[in-house]
There are 2 protein chains.
Amino acid sequence: MAIAGTTSDRGQSLGEIGVVRSDGSSSPIPEATLTRLPVYMRGLVEVAEDGVTTVSSRQLADLAGVNAAKVRKDLSHLGAHGKRGVGYDVNRLLTEISGALGGSVTPVVIVGAGNLGRALSRYDGFMAGGFPVVALIDSDRSLEGRMISGVPVTHVDEMDAVVAATGCQLGIVATPAHAAQEAVDRLVAAGLRSVLNFAPAVVSVPSEVQLRKVDLATELQILGYYEHVRISQEATGQAVG
Amino acid sequence: MAIAGTTSDRGQSLGEIGVVRSDGSSSPIPEATLTRLPVYMRGLVEVAEDGVTTVSSRQLADLAGVNAAKVRKDLSHLGAHGKRGVGYDVNRLLTEISGALGGSVTPVVIVGAGNLGRALSRYDGFMAGGFPVVALIDSDRSLEGRMISGVPVTHVDEMDAVVAATGCQLGIVATPAHAAQEAVDRLVAAGLRSVLNFAPAVVSVPSEVQLRKVDLATELQILGYYEHVRISQEATGQAVG
DNA sequence: AGGGGCTTGTGCATTCATTCACATGTCATG
DNA sequence: CATGACATGTGAATGAATGCACAAGCCCCT
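Here is what the cut-offs are and how they apply
Residues numbered from 1 in each chain as written. Chains lettered and ligands numbered in written order. Predicted model: local features only at pLDDT ≥ 70, side-chain atom pairs only at ≥ 80, totals over all residues. Heavy atoms only, no water. Least-squares fit on C-alpha atoms with pLDDT ≥ 70 in both. Contact = heavy atoms within 4.5 Å. Near = heavy atom within 4 Å. Polar contact = N/O pair within 3.5 Å; in protein donor to acceptor, adjacent residues only side chain to side chain. Helix = DSSP H or I, 4+ residues; strand = E, 2+ residues; numbered from the N terminus. Nonpolar A, V, L, I, M, F, W, Y, C, P; charged D, E, K, R; others polar. Buried < 20%, exposed > 50% of the residue type's maximum accessible area, 1.4 Å probe, protein only. Pairing = 2+ DSSP bridges. Axes fitted to C-alpha atoms, helices over the stretch in contact; angles between N-to-C directions. Buried area = accessible area lost by both parts, 1.4 Å probe. Salt bridge = Lys/Arg side-chain N within 4 Å of Asp/Glu carboxyl O. Phe/Tyr/Trp six-rings, centres within 6.5 Å; stacked < 30°, edge-to-face > 60°.

Caption draft 1: Geometry of the relation of the copies chain A and chain B. Structural alignment of chain A on chain B gives an RMSD of 0.1 Å, achieved by rotating through 180 degrees and translating 0.0 Å along the axis. Each copy turns onto its partner about a two-fold axis. Relative to the rotation axis, the C-alpha of A:A119 is the closest in chain A, positioned 2.9 Å from it. Taken together, the interface assignments show that 99% of the residues at the interface of chain A recur at the interface of chain B, consistent with an identical surface on both copies.

Caption draft 2: Focus on the protein's contact with DNA strand C. As a structural note, the neighbourhood of DNA strand C is formed by 29 residues, with A:R36, A:R84, B:S57, B:G82 and B:Y88 the closest of them. Near the protein, within 4 Å, the atoms of DNA strand C are sugar or phosphate in 64% of cases. A distance of 2.8 Å separates a phosphate oxygen of DNA strand C from a polar atom in the side chain of A:R36. Within the side chain of A:K73, a nitrogen or oxygen atom sits 2.9 Å from a base oxygen of DNA strand C. Listing elements by their share of the surface near DNA strand C, those giving two or more residues are α1 (31-49) and α3 (68-77) of chain A together with α3 (68-77) of chain B. No other element matches α3(A), which puts 4 residues into the surface near DNA strand C. Of the residues assigned to the surface near DNA strand C, the class counts are 7 nonpolar, 9 polar and 13 charged.

Caption draft 3: Layout of unusual backbone geometry. All names here are of chain A. Of note, S149 is a non-glycine position whose phi angle comes to about 45 degrees, a positive value. With respect to the secondary-structure elements, S149 resides in the loop between β5 (147-148) and β6 (151-155). According to the relative accessible area criterion, S149 is partly exposed, its value standing at 39%.

Caption draft 4: View of the side chain of B:T175. Residue and element names in this part refer to chain B. Within the secondary structure, T175 sits in the loop between β7 (170-173) and α8 (177-189). Side-chain polar atoms of T175 contact the backbone nitrogen of A180, separated by 3.4 Å. Every residue in contact with T175, bar those within four places of it in the chain, is listed here: V111, G112, A180, A183 and A199.

Caption draft 5: Region of the structure containing the sheet that holds β7(B). Residue and element names in this part refer to chain B. Spatially, β5-β6-β4-β3-β7-β8-β9 is the arrangement adopted by the 7 strands of the open sheet, whose pairing is mixed. The sheet is open, and its two borders are formed by β5 (147-148) and β9 (210-213), each paired with just one other strand. Note: strand β3 (residues 108-111) against β7, 4 bridges, orientation parallel. When the sheet's bridge partners are listed, V108 is paired in β7 with L170. Against the sheet, α8 makes contact with β3, β7 and β8 (194-197), and its axis sits at roughly 170 degrees relative to β7, the strand it touches most.

Caption draft 6: Representation of the protein's contact with DNA strand D within the structure. Close contacts around DNA strand D come from 30 residues, with A:S57, A:G82, A:Y88, B:K73 and B:R84 the closest. With respect to DNA strand D, the backbone of A:G85 contributes an N or O atom lying 2.9 Å from a sugar or linking oxygen. The set of elements that each furnish at least two residues to the surface near DNA strand D consists of α3 of chain A together with α1 (31-49) and α3 of chain B. With 4 residues, α3(B) is the largest single contributor of residues to the surface near DNA strand D. Classifying every residue of the surface near DNA strand D gives 7 nonpolar, 10 polar and 13 charged.

Caption draft 7: Structural view of the interface of chain A and chain B. If you look at the interface, chain A gives 84 residues, while chain B gives 83 residues. Overall, the association of chain A and chain B removes approximately 7,700 Å² of surface from exposure, summing both partners, and the carbon and sulfur fraction of that is 64%. Three residues stand out in chain A for area buried against chain B, namely A:L220, A:Y225 and A:Y226, and they jointly supply 9% of the buried area on that side. If you look at where chain A meets chain B, you find 4 salt bridges.

Caption draft 8: Looking closely at the packing of aromatic side chains. Across all of its chains, the model carries 4 aromatic pairs over all chains by this definition. Measuring from ring centre to ring centre gives 5.1 Å for A:Y123 and A:F126, while their planes differ by 80 degrees; the resulting arrangement is edge-to-face. The class of A:Y123 is buried, set by a relative accessible area of 12%. Relative to B:Y226, the ring of B:Y225 lies with its centre 5.3 Å away and its plane at 65 degrees, an arrangement referred to as edge-to-face.

Dropping the structure here:
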């Protein structure tokens, strides 16, 4: 385990991204804003179906469960101009957000055809969001060639071919923890530059690769903490009151 | 849709929690730190199995994929005192973190026995993390009484009884979006105060309830954004270079 | 016993995110 | 056309998280 650096700490450094400005497009949308844009989209789609054509920042804030100032600042990042005194045009805003997020349909591949991988391959939200799952990949030869909920399962040795054939750009890792690093390495070797990791393991990637993590057990543990604190609080609170 | 406030914005306000100090215990561990504690735990368990008894902040940082200063600051929040010049005792640290996070085993209930709900009920990580799934709840009468991967399915009308009988304190919502609000409402009515929502919907809860959200489609959309930016960047970069 | 090499804990600076508050602008109505 | 109600966009204030650098402390070796 190589350790670099003479004085002081310094760990992983996130690669810069989205800082282009040259061609006028793509400003650097902050992470925090990015996580909310899809939520706004859902709210907008909802009201659009009811025939609403204009929303104020406050209405959208209510739909998204945030406050209005945040909505406005978020939207200002994509240059989406609403009309003062009026609000935002629903359809225009939908187009703008969708465009900022990438717009077109992007196929994804899932590595790991266990419980989680299968469930994810069936998850409607991916397809609905423009991310069809086009391949499942597993190291188990006995699954090779099978279809699972309409998605063909391929052996991990053919990953390169599958990725190339399907034109996938996003990879999802749903393997056990011990297999996660290899899964990611192979995805990267196959040319992918964006990976979503569901395995409860820390994996490292080259700096040009975007890695996001969804840690299911951790989410519960955080809730567990608050529950724990709340209960201790009540206990002491009773004593006091 | 009631809108309050005369001047200016102001939306949801997060309930304060963990700010007790009266009894000396439970300092207010910041969110950001909370999300990393479980990751440290995994790293510690890993090295503990290899017989390691002491780790430095830098070693732990490598295991967790963060930098050493962050590790030290995080650990300082739980008063975990390491030894200068030496490091942290692995077992002691495990005990401390585990204790801070709540310690004991907490049973959870999952609402929604669809694909996602079933997959989550089978997810090993929950059990391993001390969160056994003890009940699945669905509105489909035809599932009532069945066992799915060892977990009994109950109808939603009996939620109160199930929650009471099993002593659940954490609820997971894995319903379709349109059913999420009702699912949460029922969980809260049954007495739960901590909910993890997987449904792609904005739900509101009373201020004393802790709500966390895992938004699978959004995660992909964020990756999609970076992919999008990267590609435009390359395109313009080629033109320039 | 004392020196040198490590490592913790933390004050400080910096960056990122949130929120406030208001000037600027739009629309509808009389 | 003028007035008033309403909303945006954004500087500025606040707050949270990160990362740095160093004093204080521990251990081993001679």
